[in-house]
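Below are the chains, spelled out letter by letter.
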Amino acid sequence: MGLKEDIYFRSPIFVQNILTSVYGKKLMRERYGETYERIIGELRTKGKVDYREEQLERLNTFLMFCQLHNEYYRDLFIKYDIRLPLQSLDELKEIPVLEKETLRTLNESFLSRIDAPLHGRTGGTSGKSLQVAFTIEDMQERMAHLDFFKEQHGFRKGMRRASFTGRTLTAMNQKKPIFWRTNRPLNQLLLSIFHLTDDNFPAYIEKLNAFQPTAIDGAPSGMAELAQYMVDHDIRFTFRPLAIFPTSETVTPEMRELIERAFGAELFDQYASSEGAPLISECRNHKLHLHHETGIVEPYGEEGEVLVTCFTTRGTPLIRYRIGDRMTLTDETCSCGLNGPVIGSIDGRGTGYIVSEARGKVFEGDLTTIARELPNSIRRLQVEQFAKDEVTLRYVPDEQRFLPNHEKILLREMHHLFGPEMKVTLEPVSRIPKEPNGKILVVKQSMTV
Ligand SMILES: [Zn+2]
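Predicted, not measured: the structure shown is a model, and the values here were computed from it.

Peer 1: Sorry if this is basic, but what is going on with the confidence of the model for the protein chain here?
Peer 2: Fine structural detail should not be taken from predicted coordinates in areas where pLDDT scores are low. On average, residues of the protein chain score 88 in pLDDT, and 93% of them reach the 70 mark or higher. In the predicted structure, residues 124-128 sits below a pLDDT of 50 and forms 15 contacts with residues beyond four places in sequence or in another chain.

Peer 1: Would you take a moment to explain the sheet that holds strand β14 (residues 342-348) for this structure?
Peer 2: In a beta sheet, neighbouring strands pair by backbone hydrogen bonds and run either parallel or antiparallel. One open sheet accounts for 7 strands, arranged β8-β9-β10-β14-β13-β12-β11; its pairing is antiparallel. In this open sheet, the two edge strands, each paired with only one partner strand, are β8 (270-271) and β11 (295-300).

Peer 1: Explanation requested: the nonpolar core in the structure shown.
Peer 2: Where a protein is soluble and globular, its nonpolar side chains tend to be buried together. Of all hydrophobic cores here, the largest spans 45 residues; its most connected members are Val308 and Tyr321. Tallying contributions element by element places helix α7 (residues 136-151) first for this core, with 7 residues. Apart from residues no more than four positions distant in its own chain, Val308 is found in contact with Gly276, Ala277, Pro278, Gly295, Val297, Leu318, Tyr321 and Ile323. Grouped together as the second largest cluster of nonpolar side chains are 34 residues, Leu190, Tyr204, Ala227 and Ile259 included.

Peer 1: Would you take a moment to explain the pairing of strand β17 (residues 378-387) for this structure?
Peer 2: A regular strand places its side chains so that they alternate between the two faces of the sheet. One ladder, built from 8 bridges, connects β17 with strand β18 (residues 390-397); its direction is antiparallel. Within β18, the position partnered with Gln382 by the bridge is Arg394. What sits between β17 and β18 in their antiparallel hairpin is a turn of 2 residues. Across 3 bridges, the pairing between β17 and strand β20 (residues 443-445) is parallel. Within β20, the residue paired with Val383 across the bridge is Val443.

Peer 1: Just to check I follow, could you spell out the domain arrangement of the protein chain for this structure?
Peer 2: Interface size, as often reported, equals the accessible area lost upon joining of the parts. With domains assigned, the protein chain is organised as domain 1 (5-31 + 154-267), domain 2 (34-149 + 272-348) and domain 3 (353-445). The C-alpha centroid of domain 2 is placed 29 Å from the C-alpha centroid of domain 1. Across the contact, 6 residues belong to domain 1 and 9 residues belong to domain 2. For the side of domain 1 that touches domain 2, the class distribution of residues is no nonpolar, 2 polar and 4 charged.

Peer 1: Honestly, the pairing of β14 in this entry has me stumped. Any pointers?
Peer 2: Two strands pair when backbone bridges link them, and strand β10 (residues 288-290) and β14 are joined in this way by 2 bridges, in the antiparallel orientation. The partner of His289 across the bridge, within β14, is Val342. In this sheet, β14 lies alongside strand β13 (residues 318-329) in antiparallel orientation, the contact comprising 4 bridges. Across the sheet, Thr328 pairs through a bridge with Ser345, a residue of β14.

Peer 1: What's the story with the environment of Lys25 in this structure? I'm lost.
Peer 2: Looking at the element boundaries, Lys25 is found in helix α2 (residues 13-31). For Lys25, a count of 13 C-beta atoms within 10 Å corresponds to the partly exposed category. Residues Lys25 and Arg184 lie 159 residues apart in sequence; the distance between their C-alpha atoms is 8.6 Å.

Peer 1: Could you clarify how one ought to interpret the sheet that holds strand β6 (residues 215-218) in this entry?
Peer 2: In spatial order, the strands read β4-β5-β3-β6-β7; together these 5 strands make up an open sheet with mixed pairing. Both edges of this open sheet fall to β4 (180-183) and β7 (243-246), since each of them pairs with a single strand only. On average, adjacent strands in this sheet sit at an angle of 20 degrees to one another, irrespective of strand direction. Bridge count for strand β3 (residues 161-165) against β6 is 4 bridges, and the pairing is parallel. Its bridge partner being in β6, Phe164 is matched across the sheet by Gly218.

Peer 1: Can you help me understand helix α4 (residues 51-69) in this one?
Peer 2: Owing to its 3.6 residues per turn, the α-helix brings residues three or four apart onto one side. For α4, spanning 19 residues, the distance from its first C-alpha to its last is 27 Å, which sits close to the expected 27 Å at 1.5 Å a residue. Within α4, the full set of buried residues consists of Gln55, Leu56, Leu59, Phe62, Leu63 and Cys66. Along the long axis of α4, the arc covered by the buried residues comes to 135 degrees, so they all point the same way. Exposed and oriented more than 90 degrees from the buried face of α4 are Glu53, Glu57 and Leu68. Residues of α4 that are buried sit in contact with α5 (71-79), β11, β12 (305-310) and β13.

Procedures and definitions
- Residues numbered from 1 in each chain as written.
- Predicted model: local features only at pLDDT ≥ 70, side-chain atom pairs only at ≥ 80, totals over all residues.
- pLDDT = per-residue confidence, 0-100.
- Contact = placed C-beta atoms within 7 Å.
- Pairing = 2+ DSSP bridges.
- Helix = DSSP H or I, 4+ residues; strand = E, 2+ residues; numbered from the N terminus.
- Core = buried A, V, L, I, M, F, W, Y, C linked by C-beta atoms within 7 Å.
- Buried ≥ 20, exposed ≤ 12 C-beta atoms within 10 Å, placed from the backbone.
- Domains from an automatic or database assignment.
- Nonpolar A, V, L, I, M, F, W, Y, C, P; charged D, E, K, R; others polar.
- Axes fitted to C-alpha atoms, helices over the stretch in contact; angles between N-to-C directions.
- Expected span 1.5 Å × (residues − 1).
- Arc of directions from axis to C-beta.

This is the structure in structure tokens:
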């Protein structure tokens, strides 16, 4: 978290809270300034526009920026005879696809010759994330879009928020039941996802009731664990949040149902934490919209992958970047009033998939079909692959609803998905085990190649 960890962890908790707030102040200065105010003002007052026209205009501004300040793209545009401004969005296809490997090996020459002091990752949730640099303007533009998304659901900057975070807030061996820190400048309660256990849940609930957040955001796997405990013990919050905003992980339909039921609020998803990608967020009609002012998403290849061009990557420009995530693009429209095109679904962040002889690659998004035949009797699931013909389906049954014949249905659906040759082990568990980073995977690939 930018602070020297050893000093932080050796300090008493009240000092850790102060250090968290000092860090919060620093974040405030980076995130909210002139660019932020200008962009969010524009978004709030924007009427109906032709998003394609606006995309083309912004694309050209971005490409000209790259030509001027970035060595890699200046050479690339000469080599491929790219003449700016482009006359149509189709002409973007004349620029070659950017593979992760290229970005990795030529890392230095991708850095623009401008002040880009902020660092982030790209590459979705897959292990191979890459460092990229951002300018202050990049960051503020993203924040404006993110806050605008939350405003659609009634949440304004400065309102109380509770965030489930995988950042290390407390020492792993801390026994005293204080697993949160407060970031006063942002009015934010940070809750550690590393200490969510049966013994600690009551303390988390008590703290949330005392804090009374207007919105709950952060890691959905952490939210789902707390939600599970609340449903099992018939506990409700003493407050009602306006909305729930998960970040960075895939939210399965089961997780969504569970979290909404326990927390008593609607969940609105976003695809924004992958910092090299344009923003996509869920509107009040629960449709996903691309924030077209932040970039372009193109379909790529046979397996539902996308290429992203992200206008808020001036520090390390990403043009037609093969990010590894999968989406279903559509021509659907939406009545909510937002201009950006509707994205049918986000089918997989990162490249987590199961491989089967009969069906090839089966991605995270496809796995949600497994439980569809059941009357809500499964709460969470995870598929782990150990060998080409061997997978385990771990699932958390809802004891009240799960009947013996549901196992047969699960097996049938698994074979339907992976082919009859796949050896499937069913493993009912009370909780899906966490990864070392505190997150819970839907697809776990443990096959040694
Ligand atoms: Zn909409």
